[in-house]
Amino acid sequence: MEQLLLNPIKKVDGEINLPGSKSLSNRALLLAALASGTTTLTNLLDSDDIRHMLNALTKLGVNYQLSADKKQCVVEGLGRAFNTQELGDIELFLGNAGTAMRPLCAALCLGQGEYTLTGEPRMFERPIGSLVDSLKQAGADVTYLKNENYPPLKIKGTGLKGGTITIDGSVSSQFLTAFLMSAPMSSEDTTINIVGELVSKPYIKITLQIMQDFGVEVDNVGGEYQSFVIKGGQTYQAPGNYLVEGDASSASYFLAAAAIGGGSIKVTGIGKKSVQGDIQFADALEAMGANIEWGDDYIKASKGELKAIDMDMNHIPDAAMTIAVAALFAEGTTKITNVYNWRVKETDRLYAMATELRKVGAEVVEGHDFIEVTAPAQIKHAEIDTYDDHRIAMCFSLVALSGTPVTINDPKCTSKTFPDYFEKLASVSF
Ligand SMILES: O=C(O)C1=C[C@@H](OP(=O)(O)O)[C@@H](O)[C@H](O)C1
Ligand SMILES: C=C(OP(=O)(O)O)C(=O)O
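Residues numbered from 1 in each chain as written. Chains lettered and ligands numbered in written order. Predicted model: local features only at pLDDT ≥ 70, side-chain atom pairs only at ≥ 80, totals over all residues. Heavy atoms only, no water.

Chemist: Where do I start with the sheet that holds strand β6 (residues 89-93) in this structure?
Modeler: Where strands meet in a sheet, backbone hydrogen bonds hold them as pairs that are either parallel or antiparallel. Judged by pairing direction, the sheet is mixed, and its 4 strands sit side by side in the order β6-β7-β9-β8 without closing on themselves. Each having just a single partner strand, β6 and β8 (141-144) make up the two edges of the open sheet. With direction set aside, neighbouring strand axes in the sheet form an average angle of 20°. Where β6 lies against strand β7 (residues 112-118), 5 bridges are found, and the strand directions are parallel. In the strand pairing of β7, E91 is matched with T116. (Pairing = 2+ DSSP bridges. Helix = DSSP H or I, 4+ residues; strand = E, 2+ residues; numbered from the N terminus. Axes fitted to C-alpha atoms, helices over the stretch in contact; angles between N-to-C directions.)

Structure below.
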């Protein structure tokens, strides 16, 4: 196994032009593929999760031209649902990309064809049953090829008819996102009612915004994310050009590094008007004592005396992992609550974060849906296992700001969303 020894970083300083947002890249690719007209996507993310979506679109008969640096993609929209009936069963390998598996699962039900949706072993442990149950209410034909409620799946595309649907929102917002994006192409109108407490709400804002950018309005009844009405029989309209915002979750590592390490870092490609909920990571970091400056197209962080916070981070589940490591540098006990679904992401993140934080000396309480981290008097050198989880590799790089080195096992796992993360970190490290 490859290992990366990160030597102590004395201070960080500089500017990082963020890679494109994973959430927006995969949504934009799918909607551009379904839309009528041609879309030029710029600042597309080049990473494993996006490659899986692109490969799937190729197999589904979508024409696109990717630039040499893979950051620009011109997509010729189909102007209709996928139709691959004459090709027989098509196998789509979607790695561990939730933003490919869940939205494609719904979109493939809309058209005509037979599909096997598969992925990495971890994908077979990540639930999808709530989405499948909802799609079945709208007439979909989806079966489980291994374990009930988990991929791999077999889909027979027969169209979605719409109607009144319930979706359990308590495990992943991606189920609602997937249904919302397909609903306009159902034959009839759809009303979606959420049951259970909807998690990761800000990702639904991203979904509604990008649907609007592609010409479709959703009635979010009462603005409460509880009930949605979508007209059927619609076609997405290509917006011409679509600029993908920088990735706000990827920004969290650099902003935290500046808050901990001194100097200042400006991340560009996101700002105060960004649609991504993970920009609220900067508020959490500010609450810990960091100095934050907001621009239209940047966020800048600089060092502050960090103190512990106690915060519900259900709205920023991905960036919250960065707070858990920043807690190593904060006075007191940091408590991150309402993050049960950390357990069903790339790995069981509550267990993994607790285990790895203890290795560097922290005192940790791992709860059913929370984690408490108390900074050690002295951070210890450790080999950090990354569990094939890009975010564990990235957030534990911050340990190097302690004056103690840190070893990251399997550093290449950052390829899921940020292949050149460690090079970018080195470029602002002194
Ligand atoms: O819709 C999205 O783009 C995402 C939603 C979140 O997942 P959950 O809704 O499962 O929490 C987030 O963790 C994931 O990285 C991306
Ligand atoms: C949870 C994540 O990914 P996915 O889109 O596969 O759910 C993540 O990137 O932290």
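Chemist: Explanation requested: the site of ligand 2 in the structure shown.
Modeler: What surrounds ligand 2 is a group of 14 residues, the closest being K22, G98, R126, R391 and K416. Contact distances for ligand 2 include 2.8 Å between an oxygen atom and a backbone N or O atom of G98. Within the side chain of E346, a nitrogen or oxygen atom sits 2.9 Å from an oxygen atom of ligand 2. In isolation ligand 2 exposes 300 Å². Once the protein is present, 99% of that is buried. (Near = heavy atom within 4 Å. Polar contact = N/O pair within 3.5 Å; in protein donor to acceptor, adjacent residues only side chain to side chain. Areas by Shrake-Rupley, 256 points an atom, 1.4 Å probe, with all protein chains shown as cover.)

Chemist: Help me understand the nonpolar core, please; the structure alone is not making it clear to me.
Modeler: One broad trend across soluble globular proteins is that nonpolar side chains are buried collectively. Core analysis: the biggest nonpolar cluster contains 81 residues, and L29, F82, L117, L180, F228 and Y236 have the highest contact counts within it. When residues in this core are grouped by element, the largest group, 9 residues, is from helix α3 (residues 98-110). Judged by nonpolar contacts, the second largest core, of 75 residues, contains I279, M313, V325 and L350. (Core = buried A, V, L, I, M, F, W, Y, C linked by side-chain atoms within 4.5 Å. Buried < 20%, exposed > 50% of the residue type's maximum accessible area, 1.4 Å probe, protein only.)

Chemist: I tried to follow the packing of aromatic side chains on my own but got confused; where do I start?
Modeler: What describes a pair of aromatic rings is the distance from one ring centre to the other and the angle between the planes of the rings. Under the definition given, this model contains 7 aromatic pairs. Relative to Y242, the ring of F214 lies with its centre 5.9 Å away and its plane at 40°, an arrangement referred to as tilted. Pair noted here: F214 is in the loop between α6 (202-213) and β12 (219-220) and Y242 is in strand β14 (residues 241-243), with a separation of 28 residues, a long-range link. Residue class for F214 comes out buried when judged on its relative accessible area of 0%. Clustering of aromatic rings is evident, with ring pairs tying together Y253, F254, F418, Y421 and F422. Here the basic side chain of K335 rests over the ring of F370, its NZ or CZ set 4.8 Å away from the ring centre. (Phe/Tyr/Trp six-rings, centres within 6.5 Å; stacked < 30°, edge-to-face > 60°. Lys NZ or Arg CZ within 6 Å of the ring centre and 35° of its normal.)

Chemist: It is not clear to me how empty space enclosed by the protein should be interpreted in this structure. Could you clarify?
Modeler: One water molecule sets the probe size; rolling that probe over the atoms shows where empty space is left. One pass over the full model with this rule turns up 3 cavities of 30 Å³ or more. In this structure, the largest cavity spans a volume of roughly 230 Å³. In terms of lining, the largest cavity is formed by 23 residues, of which the most central are K22, Q174, Y203, D318 and K345. Broken down by secondary-structure element, the contributors of at least two residues to the lining of the largest cavity are α1 (22-34), α3 and α11 (390-396). In this structure, the second largest cavity encloses a volume near 70 Å³. Along its surface, the second largest cavity is lined by S21, K22, S23, Y203, I206, D247, S249, Q276, D278, D318 and R391. Of all elements in the fold, only α1 and α6 reach the threshold of two or more residues within the lining of the second largest cavity. Among the residues making up the lining of the second largest cavity, the classes are represented as 2 nonpolar, 4 polar and 5 charged. (1 Å grid on protein atoms, 1.4 Å probe; cavity = no way out; pocket = protein on both sides within 12 Å on 5 of 7 lines; lining within 4 Å. Points joined across faces, edges and corners; volume = space filled by probe spheres on them. Nonpolar A, V, L, I, M, F, W, Y, C, P; charged D, E, K, R; others polar.)

Chemist: Could you clarify how one ought to interpret the UniProt feature "binding site: phosphoenolpyruvate" (unreviewed entry) in the protein in this entry?
Modeler: Under the UniProt annotation, "binding site: phosphoenolpyruvate" (unreviewed entry) lies at K22, G98, R126, Q174, R349, R391 and K416. Checking the annotated residues one by one, the ones that line the largest cavity turn out to be K22, G98, R126, Q174, R349, R391 and K416. As for its placement among the helices and strands, G98 is situated in helix α3. By relative accessible area, which is 3% here, G98 ends up buried. Excluding residues within four positions of it along the chain, G98 makes contact with P103, M123, R126 and Q174. Structurally, the position occupied by K416 is in the loop between β23 (406-409) and α12 (421-427). Within the structure, the side chain of K416 is placed 2.8 Å from the side chain of D49, a separation counted as a polar contact. (UniProt positions renumbered as here; feature names shortened; annotations may be inferred. Contact = heavy atoms within 4.5 Å.)

Chemist: Help me understand the pattern of salt bridges in this model?
Modeler: Side chains that differ in charge, positive against negative, can pair when their charged atoms come close. In total, this model carries 19 salt bridges according to the counting rule given. Put simply, D296 and K272 hold a salt bridge, and the shortest N to O gap is 3.8 Å. Here D296, found in the loop between β16 (291-294) and β17 (298-302), pairs with K272, found in the loop between β15 (264-268) and α8 (281-288); they are 24 residues apart in sequence, far enough to count as distant. Relative accessible area serves as the criterion here: at 49%, D296 is assigned to the partly exposed category. The salt bridge partner of K335 is E372, with a shortest N-O separation of 3.7 Å. (Salt bridge = Lys/Arg side-chain N within 4 Å of Asp/Glu carboxyl O.)

Chemist: Help me understand helix α7 (residues 248-261), please; the structure alone is not making it clear to me.
Modeler: Think of an α-helix as turning once every 3.6 residues; residues three or four places apart then point the same way. Taking 1.5 Å as the rise per residue, α7 with 14 residues should run 20 Å; its terminal C-alpha atoms sit 20 Å apart, in good agreement. Judged by how many residues are buried, α7 sits mostly within the fold: 14 of 14 residues are covered. A distance of 2.9 Å separates the backbone nitrogen of S249 from a side-chain oxygen at the start of α7, and that oxygen is part of D247. (Expected span 1.5 Å × (residues − 1).)

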